[in-house]
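Commentary on secondary and tertiary structure
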Amino acid sequence: MTVHESSMQISQDMVVSIHYTLTNNAGETIDSSVGRGEPLAYLHGHGNIVPGLENALTGKAIGDKLDVAVKPEEGYGEHYAELVQQVPREAFEGVEHLETGMQFQADTGAGPRLFTITAIEGDQVTVDGNHPLAGEVLNFAVEITAVRTASEEELAHGHVHGPEGHDH
Ligand code: ZN
């Protein structure tokens, strides 16, 4: 029996290429591979994409289309109010111009975390350590465009190489 590449089902350690459009529950498009032209290639089973989407793709094959609603706990996590904090401007030593949208790493009790400045009012700067999509349901419309086995090197690195992946 010959198994053709086109019939390969997605499972652990396969390289999967997908076109996807991500919308929030308000119907706004947050991200899409379609406008970029190139599909996204990822290594299945290595946490390259959010768990809810990865789980939904297991067992699917080239040409399959699916709509997946990923809950926060299988996406970018819940939104934690305690990660939104006000800090004085002096806390940003050496930064000349503070703007909303700026990101920086700060040490927390649980290790380093990326914070985003979400508001500046006078001397008070509001920072948010949540992922920008925390607490959001992620609505993915996905089409699988390619499935192949990964190389030894890709498995060792935990990510995809080649035109749609890492170039190094
Ligand atoms: Zn690599």
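The rules we used
Residues numbered from 1 in each chain as written. Predicted model: local features only at pLDDT ≥ 70, side-chain atom pairs only at ≥ 80, totals over all residues. Heavy atoms only, no water. Donors = N, O, S within 2.8 Å, 3.2 Å for Na, K, Ca; no water. Tetrahedral: all angles 85-135°; square planar, octahedral: opposite > 155°, others 65-115°. Buried < 20%, exposed > 50% of the residue type's maximum accessible area, 1.4 Å probe, protein only. Salt bridge = Lys/Arg side-chain N within 4 Å of Asp/Glu carboxyl O. Pairing = 2+ DSSP bridges. Helix = DSSP H or I, 4+ residues; strand = E, 2+ residues; numbered from the N terminus. Axes fitted to C-alpha atoms, helices over the stretch in contact; angles between N-to-C directions. Phe/Tyr/Trp six-rings, centres within 6.5 Å; stacked < 30°, edge-to-face > 60°. Domains from an automatic or database assignment.

**Regarding the coordination of the zinc ion**
Every protein donor of the zinc ion is accounted for by His 157 (ND1), His 159 (NE2), His 161 (NE2) and His 168 (NE2), and the metal-donor separations fall at 2.0 to 2.1 Å. Its four donor atoms give the zinc ion angles of 96 to 124° at the centre, a pattern that matches the tetrahedral case. Here the donor residues of the zinc ion share one chain and are spaced in sequence as H-x1-H-x1-H-x6-H. Given a relative accessible area of 39%, His 157 falls into the partly exposed group. Given the relative accessible area of 17%, His 159 is considered buried.

**As for the pattern of salt bridges**
Here the structure, examined in full by the defined rule, presents two salt bridges. One salt bridge connects Asp 31 with Arg 36, and the closest N-O pair in it is separated by 3.2 Å. Owing to a relative accessible area of 28%, Asp 31 belongs among the partly exposed residues under this scheme. In this structure, the salt-bridge partner of Arg 148 is Glu 154, at a minimum N-O distance of 3.0 Å.

**Overview of the sheet that holds strand 8 (residues 124-128)**
Within a sheet, adjacent strands bond to each other through the backbone by hydrogen bonds, running parallel or antiparallel. Spatially, the four strands line up as an open sheet ordered 5-8-7-6, and their pairing is antiparallel. Whereas interior strands pair on both sides, the edge strands pair on one side only; in this sheet they are strand 5 (84-88) and strand 6 (103-108). In this sheet, neighbouring strand axes are inclined to one another by 45° on average, regardless of whether the strands run parallel or antiparallel.

**What about the pairing of strand 7 (residues 111-121)?**
The side chains of a regular strand alternate, first on one face of the sheet and then on the other. Where strand 6 meets strand 7, six bridges bridge the pair, whose relative direction is antiparallel. Each bridged residue has a counterpart across the sheet, and for Gln 105 the counterpart in strand 7 is Leu 114. Hairpin connection, strand 6 to strand 7: the antiparallel pair is bridged by two residues. Taking the residues that link successive antiparallel strands as the turn, the strand 7-strand 8 hairpin has two residues, and the phi of Gly 122 there is positive, at about 60°.

**Details of the packing of aromatic side chains**
All chains considered together, the criterion is met by three aromatic pairs. Where Phe 104 meets Phe 115, the ring centres are 6.3 Å apart and the plane angle is 20°; that geometry is what we call stacked. Here the residue Phe 104 occupies a position in strand 6, and Phe 115 occupies one in strand 7, the gap between them amounting to eleven residues. What makes Phe 104 partly exposed here is its relative accessible area of 25%. Look at Phe 115 and you get buried, because its relative accessible area is 5%. Every member of this aromatic cluster is reached through a ring pair, and the members are Phe 92, Phe 104 and Phe 115.

**Focus on the domain arrangement of the protein**
When the parts of a complex come together, some accessible area is lost, and that lost area is often taken as the interface size. When the domains of the protein are assigned, the result is domain 1 (3-76 + 134-157) and domain 2 (81-128). Summarising the inter-unit geometry, the C-alpha centres of domain 1 and domain 2 are found 32 Å apart.

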